[in-house]
Amino acid sequence: MLTQGTAIPSALDADETLASPVRLLMPYWRVTIAAFLGWFLDAFDQVALLLCLPDMGRSLNAGLTAMGLIITAQSVGRILGNTGWGWLADRYGRKLTFMIGVIWFAVFSGMTALAWSYAAMVVVQFLFGIGFGGEWTASAALLMESVPPRARSLASSIMMAGYECGFFAAAAAQAVILPRWGWRGLFLIGIAPALLAIFIRRNVAESPVWLKLQAARASSPTRHAAPRRWMFRLDGAAVQALVFMAVLQFQNAALYSFYPTLLRTVRHLTPGQVFPLIAAYCVGSLLGKPLCGALAGRLGERVVFGAYFIVTMLVIVPFVTARTMEAMLASAFVVGAFGNSVFALVPHYLSQRFASDSRSLGMGTSYAVAALGQGLAGFWIPWFSATHGLVQAIESSVLVGTVLVAGVVAYRPRHLPGARMDGELER
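Everything numeric in this text was worked out from a predicted model, so none of it was measured.

## Thoughts on the overall build of the protein
No. 1: Secondary structure summary: the protein contains 17 helices and 0 strands in total.
No. 2: Residues counted as buried form 59% of the 427 residues belonging to the protein.
No. 3: Expressed as a percentage of contacts within the protein between residues at least 6 apart in sequence, the contacts between residues at least 24 apart total 86%.
No. 4: Counting every atom, the protein has about 16,600 Å² of accessible surface; 70% of that belongs to carbon and sulfur.

## A look at unusual backbone geometry
No. 1: Despite not being glycine, H268 shows a phi value in the positive range, around 60°.
No. 2: Residue H268 is classed as exposed on the basis of its relative accessible area of 61%.

## As for the side chain of Q352
No. 1: Within the fold, Q352 resides in the loop between helix 15 (346-351) and helix 16 (359-388).
No. 2: One polar contact links the side chain of Q352 to the main-chain carbonyl oxygen of H348, over a distance of 3.2 Å.
No. 3: Beyond its immediate stretch of four places on either side in the chain, Q352 contacts E301, L416, P417, G418 and A419.

## Some words on the nonpolar core
No. 1: Ranked by size, the top nonpolar core spans 123 residues in total, and within it W136, F244, V346, L350 and Y367 carry the most contacts.
No. 2: Setting aside chain neighbours within four positions, we find F244 in contact with F305, V346, Y349, V405, V408 and V409.

## A look at the packing of aromatic side chains
No. 1: Here the structure, examined in full by the defined rule, presents 11 aromatic pairs.
No. 2: On the basis of an interplanar angle of 35° and a centroid distance of 4.2 Å, the ring pair of F244 and Y349 is categorised as tilted. Of this pair, F244 sits in helix 10 (residues 236-256) while Y349 sits in helix 15, and the two are 105 residues apart along the sequence. Y349 carries the same exposure label as F244, and that label is buried.
No. 3: Between Y308 and F338, the aromatic rings sit 4.9 Å apart at their centres with planes inclined by 55°, giving tilted as the arrangement. Here Y308 is found in helix 13 (residues 301-321), whereas its partner F338 is found in helix 14 (residues 325-339), with 30 residues between them in sequence.

Criteria and thresholds
Residue numbers run consecutively from 1 along every chain, following the written order of its sequence. At least 70 in pLDDT is required for a residue's local features to be given in this predicted model, at least 80 for side-chain atom pairs to be given and counted, and no such filter applies to totals for whole chains, interfaces and linings, which use all residues. For side-chain calculations, the full set of non-hydrogen atoms in the structure is used, while hydrogens and water are omitted. For the purposes of this entry, the term helix denotes a DSSP run of H or I that reaches at least four residues, the term strand denotes a run of E that reaches at least two, and both are numbered from the N terminus. Exposure categories follow from relative accessible area, calculated using a 1.4 Å probe and restricted to protein chains: below 20% of the type maximum is buried, above 50% is exposed, and the middle band is partly exposed. Should any heavy atoms of two residues lie within 4.5 Å, those residues are considered in contact. Each accessible area is a Shrake-Rupley result for a 1.4 Å probe, and residues are judged covered by the shown protein chains and nothing else. Each polar contact in these results corresponds to two N or O atoms within 3.5 Å; when the atoms are within protein, one needs to be able to donate a hydrogen and the other to accept it, and residues that are neighboring in sequence are counted only if both atoms are side-chain atoms. Buried residues of nine kinds, namely Ala, Val, Leu, Ile, Met, Phe, Trp, Tyr and Cys, make up a nonpolar core once their side-chain atoms join them within 4.5 Å. Paired rings are identified among Phe, Tyr and Trp, the last through its six-membered ring, by centres lying within 6.5 Å, and are further divided according to the angle between planes into stacked (under 30 degrees), edge-to-face (over 60) and tilted (the rest).

Any functional reading would require information that these geometric values do not contain.
Pasting the structure below:
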């Protein structure tokens, strides 16, 4: 069993000239699985909220717009978690912040089941968002800095596929638990899996890039005179990362946040009938994310982004307007395989845009800005649907968001600070 002090193969020493990305990633399966499980657990708890919005609203005497503000409160918490814990991960290590984050969000997942009023639910979801943001920030930086460069797109896609597994697990659980024990029972079981993730994280080593930076600072004769840089450089690459995540998260939140509500309130489906549609979406994304990562390694990220955005715009109308089960299943699968799968590239995309000494803060701040995009979608879609209907609100928001994020991806920064991480040139 690996402990914190155990030597492991370093991403900086890996021979990448002949091996495939899959073979390169195999020695790093522990950190890859840990990052995957962290995102799985985050997804389970967050998606449980989305699946239960109508039931929670009735229990708390709150309408759809008010319940949308709960999503916004969670997004505000993520802003603090992503940014604050990103700073902590740069200072005190990716691994420690990773572990604290998962414990934090597990506690407040359980507290969601005990919320006694609408106001209490807003506060609990705000605090849950802090842990949600901190966990992703630290785990994404840890993974990208631990695996070899040619395996990063694949590792990124595997990590982000954890969300669909969590989405699928939450959908399956709500189909069984919701009719019998209600929405509170669903959130209570969100605590238990965190213990498995914590156990696995105890077997994962710290980022070799972060350790190298700490050793360099400790051996520098000017370490006391030169204070650490507390902020990343706000150059073209960093600005692109921030804007990219804001518009991508708005587009993605518009795509899926209110989809379960649409199925329950507009299509009048039961929780059991919702499950196969969510399953089709998740299966599509689980297949699409590794494919997205593999294609990006061969064709480049910009080409893959463009192709996936075009498919998303073509399929969004049948996704929200289909009435037969066959058409709904097919459109849900395609949206999962293309509309959501671009998130497979996010950790790698962001890691290239920040230098090693402030990478976690930069990636965390980018995801914090993304929370603003999600929070805007959580407010905008219910408000717009009050006059134009939920179908039109989702459809128009996805189309506008996709055009905006495609424009951001088209920009070419003059320099990518993280294209090569510290130590890679020494091989």
